[in-house]
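Descriptive structure summary
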Amino acid sequence: MITAESGIEKVLISEEMIQSRVRQLAVRITEDYKNQTIVMIGVLTGAVMFLSDLSRAISLPMEIDFIACSSYGHRTTTSGEVRMIKDLSHPVEGRHVLLVEDIIDSGLTMRYLEDTLRNRHCASLRTIALLDKPSGRKTIIQADYVGFTIENHFVVGYGLDYAGLYRNLPYIGVLKP
Ligand code: PRP
């Protein structure tokens with residue numbers, strides 16, 4: 001029988017590890033932003049699962065919005081072309097923005113989004129990524145909050161895909177070769 005897990009070689013980060021780290025991060029964020037209203041911005045599509053769990057564990061007044069970028073070519077070229085394909089639904093001027101990513105690999109998406117959002121004069125901008133893969137970097141960038149730092153694996157699950165599949169796995173896994 002073909003299941004959601006066909007194609008997975010091993011579990012890298014279990015569902016329990018993810019959920020426990022999400023709760024830790026949520027406690028820190030709730031403390032760091034005490035008495036403030038935030039806007040969580042999820043980068044489609046990969047960050048949807050992470051944003052969904054993280055936002056429900058954070059005890060702050062918040063709005064949620066989404067943005068999408070095209071990653072066309074940016075894994076294979078050094079020019080690092082990133083393009084916005086869906087903008088936010090609401091302005092962020094004067095708001096405390098927390099940008100939520102599933103993974104930082106080359107860093108080019110995060111670099112582009114940070115620059116774009118800063119130009120819109122947020123009151124503050126911080127970034128969070130569930131996964132950080134420093135070996136892939138093509139630009140110097142670091143998220144304010146990181147769930148897990150990983151080696152140079154191609155990972156799927158919990159929002160991350162291969163050819164559109166595997167996003168619905170509750171854990172982070174490594175694909176069979
Ligand atoms: C992935 C991921 C990040 C970006 C990270 O998105 O969700 O947004 O790539 O890579 P980078 O650090 O090298 O820029 P992708 O473009 O694959 O779209 P998806 O979220 O819809 O899967």
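Before reading further, recall that the structure is shown in the block above.
One structure accompanies this document, and this report is about it. On a predicted model such as this, the values are computed, not experimentally measured, just so you know.

Once that is clear, we can look at the overall build of the protein. Across its full length, the protein carries three helices and nine strands. Taken from the N to the C terminus, the helices and strands of the protein come in the order β-α-β-α-β-β-β-α-β-β-β-β. Since a compact globule built from 177 residues should have a radius of gyration of about 16 Å, the 16 Å found for the protein is in line with a globular shape. In terms of overall dimensions, the protein has C-alpha extents of about 50 × 35 × 25 Å along its principal axes. Counting over 177 residues, the protein shows a buried share of 48%.

Spatial strand order, β1-β9-β8: three strands in an open sheet with antiparallel pairing. The strands lining the two open edges of the sheet, one partner per strand, are β1 (8–13) and β8 (155–156). Where β8 lies against strand β9 (residues 172–175), two bridges are found, and the strand directions are antiparallel. Note that in β9 the partner of V155 across the bridge is V174.

On to the site of the ligand. Near the ligand, the surroundings consist of 17 residues, among which E101, D102, S106, G107 and T109 are the closest. Within the contact set of the ligand, an oxygen atom lies 3.0 Å away from a backbone nitrogen or oxygen of T45. Burial of the ligand by the protein chains amounts to 88% of its free accessible area of 490 Å². The set of elements that each furnish at least two residues to the shell around the ligand consists of β5 (96–104) and α3 (108–118). Ranked by the residues each element gives to the shell around the ligand, the list is headed by β5, at four residues. For the shell around the ligand, a count of residues per class yields four nonpolar, seven polar and six charged.

We now examine the pairing of strand β3 (residues 62–70). In terms of strand pairing, strand β2 (residues 38–44) meets β3 through seven bridges, oriented parallel. Among the inter-strand pairings, V39 is bridged to a residue of β3, identified as E63. On the question of chirality, the crossover connecting β2 to the parallel β3 by way of helix α2 (residues 48–57) is right-handed. As defined by bridge partners, β3 adjoins strand β4 (residues 83–86) across three bridges and the pair is classed as antiparallel. Residue pairing across strands places A68 opposite K86, the latter belonging to β4.

Attention now moves to the packing of helix α1 (residues 15–32) against α2. For the pair α1 and α2, interaxial distance at closest approach is 8 Å and the crossing angle is 50 degrees. Put simply, α1 runs oblique to α2. Here the hand of the crossing between α1 and α2 comes out right-handed. Contacts between α1 and α2 involve Q19, V22, L25, A26, I29 and T30 from the first element and F50, D53, L54 and A57 from the second. Considered class by class, the residues forming the contact of α1 with α2 number seven nonpolar, two polar and one charged.

What follows deals with empty space enclosed by the protein. Counted by the stated rule, this structure contains one cavity of 30 Å³ or more. There is about 50 Å³ of room inside the largest cavity. Lining the largest cavity, in full, are V39, E63, I64, D65, H90, P91, V92 and R95. Residue composition of the lining of the largest cavity, by class: four nonpolar, one polar and three charged.

Here is what the cut-offs are and how they apply
- Residues numbered from 1 in each chain as written.
- Predicted model: local features only at pLDDT ≥ 70, side-chain atom pairs only at ≥ 80, totals over all residues.
- Heavy atoms only, no water.
- Helix = DSSP H or I, 4+ residues; strand = E, 2+ residues; numbered from the N terminus.
- Rg over C-alpha atoms; globule rule 2.2 N^0.38 Å.
- Buried < 20%, exposed > 50% of the residue type's maximum accessible area, 1.4 Å probe, protein only.
- Pairing = 2+ DSSP bridges.
- Near = heavy atom within 4 Å.
- Polar contact = N/O pair within 3.5 Å; in protein donor to acceptor, adjacent residues only side chain to side chain.
- Areas by Shrake-Rupley, 256 points an atom, 1.4 Å probe, with all protein chains shown as cover.
- Nonpolar A, V, L, I, M, F, W, Y, C, P; charged D, E, K, R; others polar.
- Right-handed = clockwise from strand over helix to strand, strands pointing away.
- Axes fitted to C-alpha atoms, helices over the stretch in contact; angles between N-to-C directions.
- Parallel < 35°, antiparallel > 145°, perpendicular 65-115°, else oblique.
- Left-handed = near helix turned anticlockwise from the far one by under 90°.
- Contact = heavy atoms within 4.5 Å.
- 1 Å grid on protein atoms, 1.4 Å probe; cavity = no way out; pocket = protein on both sides within 12 Å on 5 of 7 lines; lining within 4 Å.
- Points joined across faces, edges and corners; volume = space filled by probe spheres on them.

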